[in-house]
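# Commentary on secondary and tertiary structure
In case you want the letters, here they are:
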Amino acid sequence: MATIHFKQTTTATPEQFVAALTDFGPGRSKLFGNSADGYLKVHEQGPDQADVTEGSAGIWERLHYDWSDPNHIVLTTTDSNTWGGRSGHTYTLTQQPNGTTDVDVVVVREGKNLKGRLLGIVVGTLGKGVLVKAFAKTIKAIEARSSGS
């Protein structure tokens, strides 16, 4: 099992970040590169939760999104062709006095089959840098969206 932890700072407010994270409409891949439109399916959505399948490049997962605490958003993997166990994502948002928001990210990857276990090893050893770079692109896209660019 791989657990990756990192932090980014954004000029987006926590509300803007949550709005982007929970926008499951077309074009989601412009914000989240690993969420290709062809994989995206919203099974159920309420005011502070959603059940969504997403993925890309042959890897998909069904996630339960919970943003009932808008400063602590939890995505729990409920099904996947690769991930199982305690897999998921947690975003903790802390607004700073200067108007920026710290986004603390924890990604857990527990492979449920050989492919998942091998990918979990890669993510746990080499993948943090890739995830950090991808999330930095996500942050820039959310900031651009939030500023109306």
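See the structure above.
Residues numbered from 1 in each chain as written. Predicted model: local features only at pLDDT ≥ 70, side-chain atom pairs only at ≥ 80, totals over all residues. Heavy atoms only, no water.

Secondary structure assignment for the protein chain yields two helices and seven strands. When the helices and strands of the protein chain are placed in sequence order, the string is β-α-β-β-β-β-β-β-α. The C-alpha atoms of the protein chain give 15 Å as radius of gyration, which agrees with the globular expectation for 149 residues (15 Å, within 12%). Its C-alpha atoms put the protein chain at 45 × 30 × 25 Å along the principal axes. Here the protein chain holds 149 residues, and 40% of them are scored as buried. A fraction of 46% describes how many contacts in the protein chain between residues 6 or more apart in sequence connect residues 24 or more apart. Here the protein chain has roughly 7,700 Å² of accessible surface; of this, 55% comes from carbon and sulfur atoms. (Helix = DSSP H or I, 4+ residues; strand = E, 2+ residues; numbered from the N terminus. Rg over C-alpha atoms; globule rule 2.2 N^0.38 Å. Buried < 20%, exposed > 50% of the residue type's maximum accessible area, 1.4 Å probe, protein only. Contact = heavy atoms within 4.5 Å. Areas by Shrake-Rupley, 256 points an atom, 1.4 Å probe, with all protein chains shown as cover.)

Taking 1.5 Å as the rise per residue, helix α2 (residues 114-147) with 34 residues should run 50 Å; its terminal C-alpha atoms sit only 43 Å apart, a clear shortfall. Among all positions of α2, only G116, G120, V123, G127, F135, T138, I139, A141 and I142 are buried. Where α2 is buried, its residues touch β1 (2-10), α1 (14-21), β6 (88-95) and β7 (101-109). If you check the start of α2, you find a side-chain oxygen 3.3 Å away from the backbone N of K115, and it comes from N113. Backbone geometry just downstream of α2 places G148 in the positive-phi region, at approximately 85°. (Expected span 1.5 Å × (residues − 1). Polar contact = N/O pair within 3.5 Å; in protein donor to acceptor, adjacent residues only side chain to side chain.)

Right, let's get into the layout of surface pockets. Space inside the largest pocket adds up to approximately 890 Å³. What lines the largest pocket is a set of 35 residues, among which N34, E61, H89, R109 and L131 lie closest to the centre. Elements with a minimum of two residues in the lining of the largest pocket: β3 (49-56), β4 (59-66), β6, β7 and α2. For the lining of the largest pocket, the element with the most residues is α2, which contributes eleven residues. (1 Å grid on protein atoms, 1.4 Å probe; cavity = no way out; pocket = protein on both sides within 12 Å on 5 of 7 lines; lining within 4 Å. Points joined across faces, edges and corners; volume = space filled by probe spheres on them.)

With the exception of glycine, the majority of residues adopt a negative phi angle, and the majority of peptide bonds are in the trans configuration. Of note in this structure, A57 is not a glycine but carries a positive phi near 50°. With respect to the helices and strands, the residue A57 is situated in the loop between β3 and β4. Residue classification places A57 among the exposed positions, given a relative accessible area of 75%.

In this section: the nonpolar core. Core analysis: the biggest nonpolar cluster contains 29 residues, and F17, L21, Y65, I73, Y91, V103 and F135 have the highest contact counts within it. Elements supplying a minimum of two residues to this core: β1, α1, β3, β4, β5 (72-80), β6, β7 and α2. Looking at which element gives the most residues to this core, the answer is α2, with five residues. Those residues in contact with Y91 that sit more than four places away from it in its chain are F17, L21, N71, H72, I73, L75, V103, D104, V105 and F135. (Core = buried A, V, L, I, M, F, W, Y, C linked by side-chain atoms within 4.5 Å.)

Bear in mind that shape data such as this cannot, by itself, settle questions of function.
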